[in-house]
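# What the coordinates show
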Amino acid sequence: MPTLDQITKQALRALIPPPRLRLSEWIEREIVLPDGVSALPGPVRLWPFQREIADAIGDAEIERVTLVKPVRVGFTTLLTSALASFVANEPAPILCLLPAEADCREYMVSDIEPIFGASPALAAALSDERDESGRNTLLSRRFPGGSLKVVAAKAPRNLRRHNVRVLFMDEADGMESTAEGSPILLAERRTMSFPDRKIVLGSTPVHDETSHVLRAYAQSDARIYEVPCPDCEAMSELLWPDIVWDAGAPETARWRCPHCAAEVSERHKPDMVLAGHWRATRPEVQGHAGFRMNALISLHTNAAWGKLAVEFVQAKDDPTTLQTFVNTILGQGWRSAGDELAEDELMARAEPFGLAAVPAEVLAVTVGVDVQHDRLEVTYLGWTEGGTALVLGHRVIWGQYNAEETWVELDGLIGARFPHALGGKIGVDACAIVAGDGVSMHHVTAFATPRTRRKVLAIKGAPGNRPMI
Ligand SMILES: [Zn+2]
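Described in the following lines is the structure provided in the data block.

The rules we used
- Residues numbered from 1 in each chain as written.
- Predicted model: local features only at pLDDT ≥ 70, side-chain atom pairs only at ≥ 80, totals over all residues.
- Heavy atoms only, no water.
- Axes fitted to C-alpha atoms, helices over the stretch in contact; angles between N-to-C directions.
- Helix = DSSP H or I, 4+ residues; strand = E, 2+ residues; numbered from the N terminus.
- Parallel < 35°, antiparallel > 145°, perpendicular 65-115°, else oblique.
- Contact = heavy atoms within 4.5 Å.
- Nonpolar A, V, L, I, M, F, W, Y, C, P; charged D, E, K, R; others polar.
- Phe/Tyr/Trp six-rings, centres within 6.5 Å; stacked < 30°, edge-to-face > 60°.
- Buried < 20%, exposed > 50% of the residue type's maximum accessible area, 1.4 Å probe, protein only.
- Lys NZ or Arg CZ within 6 Å of the ring centre and 35° of its normal.
- Pairing = 2+ DSSP bridges.

## Quick word on the packing of helix α2 (residues 23-30) against helix α4 (residues 75-89)
Look at α2 against α4: their axes get within 10 Å of each other, and the N-to-C directions meet at 95°. The angle between α2 and α4 falls in the class roughly perpendicular. Residue-level contacts link L23, W26 and I27 of α2 to L78, S81, A82, A84, S85, A88 and N89 of α4. For the contact of α2 with α4, a count of residues per class yields seven nonpolar, three polar and no charged.

## So, the packing of aromatic side chains
The tally for this structure, following the rule as stated, stands at 12 aromatic pairs. Taken together, a centroid distance of 5.5 Å and an interplanar angle of 55° make the contact between F312 and F325 tilted. Taken together, the residues span a long stretch of sequence, with F312 in helix α10 (residues 305-315) and F325 in helix α11 (residues 319-328) at a distance of 13 residues. Note on F325: relative accessible area 4%, which makes it buried. Within the aromatic cluster, the residues linked to one another by ring pairs are W47, F49, Y225, W278 and F291. For R451, the ring lying beneath its charged end belongs to F447, and the centroid distance is 4.0 Å.

## Remarks on the sheet that holds strand β16 (residues 364-371)
Across a sheet, strands are paired by hydrogen bonds formed along the backbone, either parallel or antiparallel in direction. Taken together, five strands build an open sheet; the order of strands is β18-β17-β16-β21-β22 and the sheet is mixed. At either margin of the open sheet sits one strand with a lone partner, and together these are β18 (389-398) and β22 (456-460). Adjacent strand axes in the sheet meet at a mean angle of 20° when their direction is disregarded. Here strand β21 (residues 430-435) runs beside β22; their pairing, made up of five bridges, is parallel. Paired with V434 across the strands is I459, a residue of β22. Where helix α14 (residues 438-448) meets the sheet, it contacts β16, β21 and β22, and its direction lies at approximately 155° from that of β22.

## A few points about the sheet that holds strand β13 (residues 263-264)
Pairing is antiparallel in the open sheet, where three strands are placed in the order β11-β12-β13. The sheet terminates laterally at β11 (243-246) and β13, the two strands that pair on one side only. Pairing geometry for strand β12 (residues 249-256) and β13, over two bridges, is antiparallel. Following the sheet pairing, R256 is matched in β13 by E263. Running at roughly 120° to β12, α10 makes contact with β11, β12 and β13 of the sheet.

Quick look at the structure:
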């Protein structure tokens, strides 16, 4: 039996004529980018992967849209255009939530006003700056049939007064809870009285465990954008571990097809992205469309694979710059497992020892290495006479498993010596390297075999504890 809510939705839908255009088509017809907002002023041209996102936002059957987004894929323009379509086609109370007041001002002045001003369908909508109620302020506009308010998540008091049908939240991972609770939940509560509400939440993810946008994406139908390989035509998501380059020359970056191992150069990217499509990995979820992407599909010249690889090489040795790369380019949350500083701090609190002060009872140090496609995870263990293992430290070497410099870096790490509590220094007595899969096994043995005398061994991964040497 349908609920009252569903009946109301159906009744409302019956009253509203179906839109003649899909939202992506409306945007490309009506939205004009002025000089200064875009490097390409003129009518908006959406990228292939942006069209379905726009259509999902415009789809009455979809209540929630979640966007896990990197930078350089043109999101601000897409969101502003979608916002514009509600103002022009489905006027309603609209709320746009951004992390801070400065973000709100910047967004209103640099995006909404110039884009609305340059687009004939919108120029009239927001022109009545001083209506009779006198309530227009910099961050609030009234228009026939609705209003648009841009509110900072840091001032949740401002949320209480409004009930809204359309809620846009951008950079949600930059929103912190206040004494009044989560600004995201407070804002969503403002939409409860509208059965045909629309909630769009987007963000560059920040921390894996606390990310609002990753949590929302996990509840969505979890779409990924897949592109065809020019060689074997199999569809794949473009992922960072499949980007390879010549040793020491990140500018030569290519995409290695995970199906046929063909190495595909940048010049194929526009055709691949054009022929790509979104695939829901949780198609059983209805009413919540989630989109995840990284900058590898961007057609911006400053997101060419070679440029991104150069940025990666510059960023990878410093956790702060590396996190920025992982968040903003790869569109991924930062995992504390790969966060050396957090890990070291944690260990420093838990145990009064580490590589900087190897305790007296440690007689030998061993290193375990786990090989992933984009990094090596290195764990140092200290062994006591009784056979107890103490975790002394953990390091992550960011780099391709098949790049020479990754293994040169490992060679340096296992050659290091550490101050021992009894005086002098202690080196690494043995090193076991676990190949993650058959693909990396060859590189592991190529590294280990010439170092057998230093007790560097390649071992096969097995669950549970393995006896050390
Ligand atoms: Zn292929």
